[in-house]
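Observations on the three-dimensional arrangement
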Amino acid sequence: METLNRRDAPELPDFATLKRIARDQLIYLLEQLPGKKDLFIEPDLMSPLDRIANVSILKQHEVDKLYKLENKPVYSTSDQLCFLIRPRIRHLKYIAGIVNADKTARRTRKYKIIFSPQKFYTCDNVLEEEGIYGDVTCDEWSFYLLPLDDDIISMELPEFYRDYFLEGDQRWITTVAKALNLLNSLFGPFSKTYGIGRCSKMTYEVWKELADENNGDEKGRRPKVGHIFLIDRDVDYVTPLCSQVVYEGLVDDIFRIKCGSVEFGPDITSSERSVKVLLNSQDKVFNEIRNEHFSNVFGFLSQKARNLQTQYDKRRAMDVKQMKTFVAEELKGLKQEHRLLSLHIGACESIMKKKTKQDFQELLRTEHSVLEGLDIRESITFIEEHINRQVSPVESLRLMCLLSITENGLIPKDYRSLKTQYLQSYGPDHLLTFFNLKQTGLLTEQVAGETISAVENKVSKLVTDKAAGKLSDAFSSLARKSHFRGLSKKLGLIPRFAGEYDLKIPKDMAYIFSGAYVPLSCKIIEQVLERRGWTGLEEITRLLNGNEFAGILDPVTEDGSSPDSQRLILVVFLGGCTFSEISALRFLGKEKGYKFIFLTTAITNSSRLLEAMIEAKN
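Anyway, here's the lowdown on the structure attached to this text.

Calculation criteria
Residues numbered from 1 in each chain as written. Predicted model: local features only at pLDDT ≥ 70, side-chain atom pairs only at ≥ 80, totals over all residues. Heavy atoms only, no water. Pairing = 2+ DSSP bridges. Helix = DSSP H or I, 4+ residues; strand = E, 2+ residues; numbered from the N terminus. Axes fitted to C-alpha atoms, helices over the stretch in contact; angles between N-to-C directions. Contact = heavy atoms within 4.5 Å. Salt bridge = Lys/Arg side-chain N within 4 Å of Asp/Glu carboxyl O. Buried < 20%, exposed > 50% of the residue type's maximum accessible area, 1.4 Å probe, protein only. Expected span 1.5 Å × (residues − 1). Arc of directions from axis to C-beta. Parallel < 35°, antiparallel > 145°, perpendicular 65-115°, else oblique. Left-handed = near helix turned anticlockwise from the far one by under 90°. Nonpolar A, V, L, I, M, F, W, Y, C, P; charged D, E, K, R; others polar. Patch = residues over 30% accessible without salt bridge, like charges linked within 9 Å, V, L, I, M, F, W, Y side chains within 5 Å. Areas by Shrake-Rupley, 256 points an atom, 1.4 Å probe, with all protein chains shown as cover. Lys, Arg positive; Asp, Glu negative; His and termini not counted. Charge placed at Lys NZ, Arg CZ, Asp CG, Glu CD. Core = buried A, V, L, I, M, F, W, Y, C linked by side-chain atoms within 4.5 Å.

1. Some words on the sheet that holds strand β2 (residues 63-68)
By way of backbone hydrogen bonds, the strands of a sheet pair with one another, either parallel or antiparallel. Sheet architecture is open: five strands sit in the order β2-β1-β3-β4-β5, paired in parallel fashion. Here the strands that pair on one side only, and so sit at the sheet edges, are β2 and β5 (136-140). For this sheet, the mean angle separating the axes of adjacent strands, direction not counted, is 20°. In terms of strand pairing, strand β1 (residues 37-41) meets β2 through four bridges, oriented parallel. Counterpart to Phe40 in the pairing with β2 is Tyr67. Sitting on the sheet, helix α2 (residues 43-52) touches β1, β2 and β3 (80-85), and the angle it makes with β1 is about 110°. Most of the contacts of helix α4 (residues 89-104) go to β3, to which it runs at about 170°, and overall it touches β3, β4 (110-115) and β5.

Okay, structure coming up:
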């Protein structure tokens, strides 16, 4: 792929098609249960469903009443009950309880379960064990892809990270492969695919099989998206563990963006009620500040407010005809912009209050020292103060994990001391949390004596090369070493510059972390695209435990595609993507003439990542 500086980016495909497909399929499934019915919706599906089909659409297709699926008695009087759920055992047992209670009461009803995005073999087993297999009908709502914005698509599968990276459960691999195959059929055929990580490699292999089955359907079509990059979340843990300082990332950290929207409370709306705001490129104010470093946002909003006031003041010099035109064409837009401007100013003020309370500047200084490998003892003291002050169990864990990954594990003395203090401060229940963190490689203890690589060398002398390779892979998966210092040095992740980093005119992707760090995930993508493959990055891939790949699904397409499509790159994050990474790659796109489209199993941040280690599995 040719790297072109500051060229106009190509047009993005219209992802509204994905919403229409999902809505039409859901309507079809609801109509399979003719007549009036009550619909029970799993809480995790309510926000995604609202983006696809609102209440009025559901009512048009004979949905009488809507209920949130909760562990409470059912008071529905309908003769038909429909359940829209994720394939989770606890939901099936709850539904079984309803069906069996109706049997006991000799009440006859029809029951339909719609699994989203798919039903697993275990689901049938649970229905059979509960004795309701023949009493319910089951369907799948293949809802894989939810466009959150012009360039962001989410699968809304937050459980993917824990299921695969902690539990080793591969059930969602096929789901992601099917999602990629759907995108391939709508906007492909895609030509070149790059990826790194065990999960990415498995997903690519399954997707390739699916693509081979319907390869004939795409022949002769001109692709709208050229290249694809797949990356595992565990390839880069440092980036999601760093405090986000771009506006959209901060809003997510503090207010929790859910399914592309956020709820601002009365303290921000300056009223008695909360307001739900859709955060996307349609919000003109948000679109201009979403990727900005927070230090620049207030200045922009102040200027915007002045400009808006100037536009309002124009009315004073208008005659009747001009006033009529102004009211008809401009006033509504100005009022909407004013409302959004007020909300974002309120959000900024709230962020500043909360971050000041948490000594945010000192926190950032500690993070930057950890990233650079400086003042480690001072950083440990800062973490201990955090724990002893009981600032937040997740926040304390985040700092411990960041230190562990950047130092390739904590020395035994520090690991045991911090662990003991943490358990004393937040409770012994977190023993399992530490086990989970060790399993994923987020928080590890350095092992004295021989290194894993030394053991591998001895093993390779005793067995054949082929067997040694397999054993080496096994050792790598057990070790889960980060090698952050080596990667940082070879890729230049910690920028070196004279004077202060100018956040108003950023030089590189490091601006998303105040100039302290270029996200590893984004740097890898940049390097692979520049080199048109992994050639020259062998040492980097070795430090990342390998599993890199490059493949061509359709050799004919690579030569016959348009230059614009070759500059459109779909980046797939398996295990979650942060808004910081999205902002960084948007910046890279502007600099190099690419346009990035993001597909992620879910939007993540440090809190979501660590909460997956703390919470009991659903």
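2. Regarding the pattern of salt bridges
Tallying each qualifying case throughout the model produces 30 salt bridges. Residue Asp139 is joined to Lys112 by a salt bridge in which the shortest nitrogen-to-oxygen separation is 2.5 Å. One end of the pair, Asp139, is in strand β5; the other, Lys112, is in strand β4, and 27 residues separate them in sequence. A relative accessible area of 3% means that Lys112 is categorised as buried.

3. Points about helix α8 (residues 198-213)
With 16 residues, α8 extends 23 Å from end C-alpha to end C-alpha; this agrees with the ideal 22 Å at 1.5 Å per step. Of all the positions in α8, only Cys199, Ser200, Thr203, Tyr204, Trp207, Leu210 and Ala211 are classed as buried. On an axial view of α8, the arc spanned by its buried residues comes to 125°, and they lie on one face. The exposed residues of α8 that point more than 90 degrees off its buried face are Glu209 and Glu213. Looking at the buried positions of α8, the neighbouring elements they touch are α6 (159-166), α7 (173-187), β8 (192-196), β9 (227-232), β12 (548-552) and β13 (568-574).

4. Comments concerning the packing of helix α16 (residues 376-388) against helix α18 (residues 412-426)
Viewed as axis vectors pointing N to C, α16 and α18 meet at an angle of 15°, and their least axial separation amounts to 9 Å. Here α16 lies roughly parallel to α18, going by the angle between them. By crossing handedness, the relation of α16 to α18 is classed as left-handed. Between α16 and α18, the contacting residues are Arg377, Ile380, Ile383, Glu384, His386, Ile387 and Asn388 on the first element and Asp414, Ser417, Leu418, Gln421, Tyr422, Ser425 and Tyr426 on the second. A breakdown of the residues in the contact of α16 with α18 according to their chemical character gives six nonpolar, five polar and three charged.

5. Thoughts on the pairing of β5
Judged from the five bridges that link them, β4 and β5 form a sheet pairing that is parallel. Of the residues in β5, the one forming a bridge with Tyr111 is Val136.

6. Regarding a negative patch on the surface
A surface patch of negative charge is lined by Glu205, Glu209, Asp212 and Glu213. With respect to the element layout, Glu205 can be found in helix α8.

7. Some remarks on the sheet that holds β8
The strand order β6-β7-β14-β13-β9-β8-β12 describes an open sheet built from seven strands, whose pairing is mixed. The two strands at the open ends of the sheet, each matched to only one other strand, are β6 (146-147) and β12. Relative to strand β14 (residues 595-600), strand β7 (residues 152-154) is paired through three bridges, and the arrangement is parallel. Bridge pairing in β14 places Ser154 opposite Thr600. Of the strands in this sheet, β7, β9, β13 and β14 touch α7, which is tilted by about 165° from β13.

8. Things to note about the nonpolar core
Phe83, Trp141, Tyr247, Leu442, Tyr517 and Phe596 are the most contacted members of the largest nonpolar core, which has 185 residues in total. Here Trp141 is in contact with Ala22, Gln25, Leu26, Leu29, Leu49, Ile52, Leu84, Ile114, Phe115, Ser116 and Pro117, once residues within four sequence places are set aside.

9. Side note on the environment of Gln527
Tracing the chain through its elements places Gln527 in helix α23 (residues 520-531). Along the primary structure Gln527 and Leu491 are separated by 36 residues, whereas in three dimensions their C-alpha atoms are 8.8 Å apart. Gln527 has contacts with Leu491 and Leu537, leaving out every residue within four places of it along the chain.

10. Considering the packing of helix α1 (residues 16-31) against α2
Direction vectors running N to C along α1 and α2 enclose 105°, while the axes themselves pass 9 Å from each other. With respect to α2, the axis of α1 lies roughly perpendicular. Mapping the contact onto sequence places Lys19, Ala22, Arg23 and Leu26 in α1 and Leu49, Arg51 and Ile52 in α2. Its residues assigned to classes, the contact of α1 with α2 shows four nonpolar, no polar and three charged.

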